[in-house]
Structures are given as C-alpha cells and as structure tokens.
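Residues per chain are reported as follows:
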Amino acid sequence: MTKLPRAFYNRDTALVARELLGHHLVHMVDGVPRIGRIVETEAYLGPHDKAAHSARGRTPRNEVMFGPPGHAYVYFIYGMYFCMNVVTQPTGHAAAVLIRALEPVANLTGKTTGPGLLCRALGIDKRLNGHDLLSDDFYIAKSPDRGKIAVVKRPRVGVDYAGAWARRHLRFYIAGNPFVSKK
C-alpha cells in the first residue's frame, strides 16, 4: 500500500477532509494490519474555528494540532472514547481532520460508525497521539479503487456550542455508504 505523502496533509483542511474519503486508515497490531476505508470526516480549521480544540489556544492536550502536518492527534472524550484526527496545514496553524467513520476492509471487529468506535476497532489510543502518519505501523494509504465518489457536505456533529461555526458544512461523507455515522 502506498502511503499518502506529507504534502497531501499540508494543504487546506476542508480540502484534505474531502480528499481523505475513500482512502484506507491502516494500523498494524501485533503484525496484523487493521484496515478501514475512510467514509466520513470533519474539518476543524484552526484557532478561529470556535469548534476546534485550538480555539482556546495552545494546551498540553492540543499541542499536536499545531503541527507538523501528517501526524495523528488522538484525544480522550466522555471518559470512554478515543478520537483520531489528522493534523493539516503548515506547522503552527493548529488545524485537523477528525476521522468520523470507516468501512471495514480487513481484520476489524466491532462497529466503525463513529469516531470513538472506529478507534476501538483499530486499536487507536493515546499512545498514538503525535504519531507520524508516514510510519510503517500507522498510516493512511491511497486506495487502489477510490475512483469517483459522490461527497455529501453537512454541518459537523456535536458542536452546537460553537455558534455559527456549528452550522458550517465542514462534515463530509460518501453518499449512500452504510457505514456513515450520521446522515
């Protein structure tokens, strides 16, 4: 599998969020590749985006968001789930793409229709926070069969506190895919 290059991530966050759709998230666990096709994402544009973790400034929790691009930002929510983001744009910008849902491809058990569930199925936890996505054990690979996909744009999920930013169409998913977490 061919990994997406660093230059892929060092671009506009909304564009990266759209273009991640159809590619494969790969995590090697005990020598076995767990693979899911990315079918839903959300873009978080940086400190000016009131829904982004970076909106309140740099903290120990969100440090990874500040770059460099092409690294995983993994955090714990609700006292029970890990969520995985891909850092985008140049170092210092503090933007990322949340991976919201995967279509199982290989060696996945459990649900993958939500950011916490997909992390559980892939074995993603805090140890992967800051991990370089160009590594050999955790990366995003070009899909050999991505082809043309129909992309749906909708508001992000669970960010009502962000005011007008909650209504922005920064969630992207593959039309008709049964593994999308929320239509």
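Values in this document were obtained by computation on a predicted structure and should not be read as measured data.

Turning our attention to the overall build of the chain. On a plain count of helices and strands, the chain comes out with 4 helices and 8 strands. Its helices and strands in sequence order give the chain the pattern α-α-β-β-β-β-β-α-β-β-α-β, from N to C terminus. Along the first, second and third principal axes, the C-alpha set of the chain runs to 40 × 35 × 35 Å. Sorting the 183 residues of the chain into buried and exposed places 51% on the buried side. Partitioning the contacts of the chain with sequence separation of at least 6, the portion at a separation of at least 24 is 61%. When the accessible area of the chain is evaluated, it comes to approximately 8,300 Å², of which 53% is carbon and sulfur surface.

Now for the environment of Met-28. Within the secondary structure, Met-28 is located in strand β1 (residues 24-29). Accessibility expressed as a relative area gives 29% for Met-28, which makes it partly exposed. Between the C-alpha atom of Met-28 and that of Lys-148, which follows or precedes it by 120 residues, the distance is 28 Å. Leave out the neighbours within four places in its chain, and Met-28 touches Pro-33, Asp-136 and Asp-137.

So, about helix α3 (residues 115-122). Extensive coverage of α3 is indicated by the burial of 6 of its 8 residues. Buried within α3 are the following residues: Pro-115, Gly-116, Leu-118, Cys-119, Ala-121 and Leu-122. Buried residues along α3 sit against β1, β2 (32-44), β4 (81-88) and β5 (95-106). Looking at the residues trailing α3, positive phi occurs at Gly-123, about 75 degrees.

Any aromatic ring pair is given by two values, namely how distant the centres are and how the planes are angled relative to each other. The final tally for this structure, using the stated rule, is 3 aromatic pairs. Aromatic side chains Phe-8 and Tyr-9 sit 5.4 Å apart centroid to centroid with 85 degrees between the ring planes, which places their arrangement in the edge-to-face category. Its relative accessible area of 12% is what places Phe-8 among the buried residues. Between Phe-76 and Phe-82, the ring centres sit 4.7 Å apart and the planes meet at 45 degrees, which makes this aromatic pair tilted. Lying across the ring of Phe-8, Arg-11 places its NZ or CZ 4.6 Å from the centre. Stacked on the ring of Phe-66, the Lys or Arg Arg-58 has its end atom at 4.3 Å from the ring centre.

The next point concerns the pairing of β1. In terms of residue burial, β1 counts as a mostly covered element, since 5 of its 6 residues are buried. Here 6 bridges tie β1 to β2, and the two strands are oriented antiparallel to one another. Each residue of the ladder has a partner; that of His-24, found in β2, is Arg-37. With antiparallel pairing between neighbouring strands as the criterion, β1 and β2 make up a hairpin whose turn holds 2 residues, including Asp-30 at a positive phi of roughly 55 degrees.

Analysis parameters
- Residues numbered from 1 in each chain as written.
- Predicted model: local features only at pLDDT ≥ 70, side-chain atom pairs only at ≥ 80, totals over all residues.
- Heavy atoms only, no water.
- Helix = DSSP H or I, 4+ residues; strand = E, 2+ residues; numbered from the N terminus.
- Buried < 20%, exposed > 50% of the residue type's maximum accessible area, 1.4 Å probe, protein only.
- Contact = heavy atoms within 4.5 Å.
- Areas by Shrake-Rupley, 256 points an atom, 1.4 Å probe, with all protein chains shown as cover.
- Phe/Tyr/Trp six-rings, centres within 6.5 Å; stacked < 30°, edge-to-face > 60°.
- Lys NZ or Arg CZ within 6 Å of the ring centre and 35° of its normal.
- Pairing = 2+ DSSP bridges.

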